[in-house]
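As a plain string of letters, each chain reads:
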Amino acid sequence: MDVEELILHSDTQSREPVDRREVEESIRKLLVWVGEDPTREGLRDTPRRVADAFLDYCEGYRVDPRSLLERTFEEVNGYHDIVVLQDIRFESMCEHHLAPVIGKAHVAYLPKSRVVGISKLARVVECFARRLQIQERMTCDIAETIYEVLDARGAACIIEASHFCMKCRGVRKESSMTTQHLLGAFVTDRNVRGDFHRIVLS
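All of these numbers come straight from a predicted model, not from anything done at the bench.

What counts as what
- Residues numbered from 1 in each chain as written.
- Predicted model: local features only at pLDDT ≥ 70, side-chain atom pairs only at ≥ 80, totals over all residues.
- Heavy atoms only, no water.
- Pairing = 2+ DSSP bridges.
- Helix = DSSP H or I, 4+ residues; strand = E, 2+ residues; numbered from the N terminus.
- Salt bridge = Lys/Arg side-chain N within 4 Å of Asp/Glu carboxyl O.
- Buried < 20%, exposed > 50% of the residue type's maximum accessible area, 1.4 Å probe, protein only.
- Phe/Tyr/Trp six-rings, centres within 6.5 Å; stacked < 30°, edge-to-face > 60°.
- Lys NZ or Arg CZ within 6 Å of the ring centre and 35° of its normal.

> How should the sheet that holds strand S8 (residues 154–163) be read in this particular structure?
The strands that make up a sheet are held in pairs by hydrogen bonds between backbone atoms, and each pair lies either parallel or antiparallel. One open sheet accounts for five strands, arranged S7-S4-S5-S8-S9; its pairing is mixed. Looking at the sheet topology across the chains shown, the edges are occupied by strand S7 (132–133) and strand S9 (177–184). Where S8 lies against S9, eight bridges are found, and the strand directions are antiparallel. Looking at S9, one finds that Gly154 is bridged to Gly184.

This is the structure we're talking about:
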């Protein structure tokens with residue numbers, strides 16, 4: 001049974017796969033529960049569409065973020081300053097309400113002797129964003145993955161995001177949340193930290 005037939009979690013060893021038909025039936029029951037008629041024309045295919053959508057929203061569970069950083073380059077002509085990739089737009093899902101979280105990430109690292117292609121940094125952000133998330137954990141996971149896999153002297157991630165679970169329910173307020181996680185030289189060297197903050201926050 002392939003991925004189109006199953007909804008899988010990253011920890012597949014401890015969870016039984018769920019058949020896609022069960023997923024679609026659950027969505028039909030949800031439609032009834034909120035007061036809708038899932039047999040009417042506009043909703044007839046909604047369970048299938050929602051199942052497809054969640055496979056897309058959560059595709060990060062099927063990707064190993066560490067593998068994205070395996071190919072590096074050592075011919076950098078002695079480059080040793082920070083590398084910053086700004087304004088990486090992402091869409092994620094709040095794990096508490098399954099509501100959208102939309103924002104941008106800024107990532108940086110301080111290389112020792114090798115660098116990685118900038119698209120790979122964006123892919124790491126995308127991988128973690130395409131999982132059910134809280135912003136604080138996502139920020140840490142991105143920075144720590146870059147720091148460890150690249151064996152960097154330091155790494156950092158700042159995320160600015162808007163949470164629809166706050167905008168569309170509950171308090172219903174428009175706001176933006178900012179989180180950061182600093183490692184290595186971004187913690188110990190105020191000049192490195194200051195350069196990063198000036199670049200991404202100015």
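On we go from here.
> Which parts of the structure should I look at to understand the pattern of salt bridges?
Opposite charge on two side chains permits them to pair, given that their charged atoms come into close proximity. Following the criterion strictly, the structure yields 18 salt bridges and no others. One salt bridge in this structure joins Arg130 and Asp56, with 3.8 Å as the shortest N-O distance. One end of the pair, Arg130, is in the loop between helix H3 (118–129) and S7; the other, Asp56, is in helix H2 (residues 46–57), and 74 residues separate them in sequence. The exposure class assigned to Asp56 is partly exposed, which follows from its relative accessible area of 39%. For Glu91, the salt bridge is made with Arg89, and the minimal N-O distance between the two is 2.9 Å. Shared partners join several salt bridges into a network, and the residues in it are Arg20, Glu24, Glu25, Arg28, Asp45, Arg48 and Asp52.

> Would you take a moment to explain the packing of aromatic side chains for this structure?
Taken as a whole, this structure holds two aromatic pairs when the rule is applied. The interplanar angle of 75 degrees and the centroid separation of 5.2 Å between the aromatic rings of Phe54 and Tyr57 together place this pair among those described as edge-to-face. Here Phe54 and its partner Tyr57 are both found in helix H2, three residues apart, which amounts to about one turn of the helix. On the basis of relative accessibility, which here comes to 33%, the residue Tyr57 falls in the partly exposed class. Between Phe186 and Phe196, the ring centres sit 5.6 Å apart and the planes meet at 80 degrees, which makes this aromatic pair edge-to-face. Here Phe186, found in helix H6 (residues 185–188), pairs with Phe196, found in helix H7 (residues 190–201); they are 10 residues apart in sequence, far enough to count as distant. A cation over an aromatic ring shows up here: Lys167 above the ring of Phe164, its NZ or CZ 4.4 Å from the ring centre.

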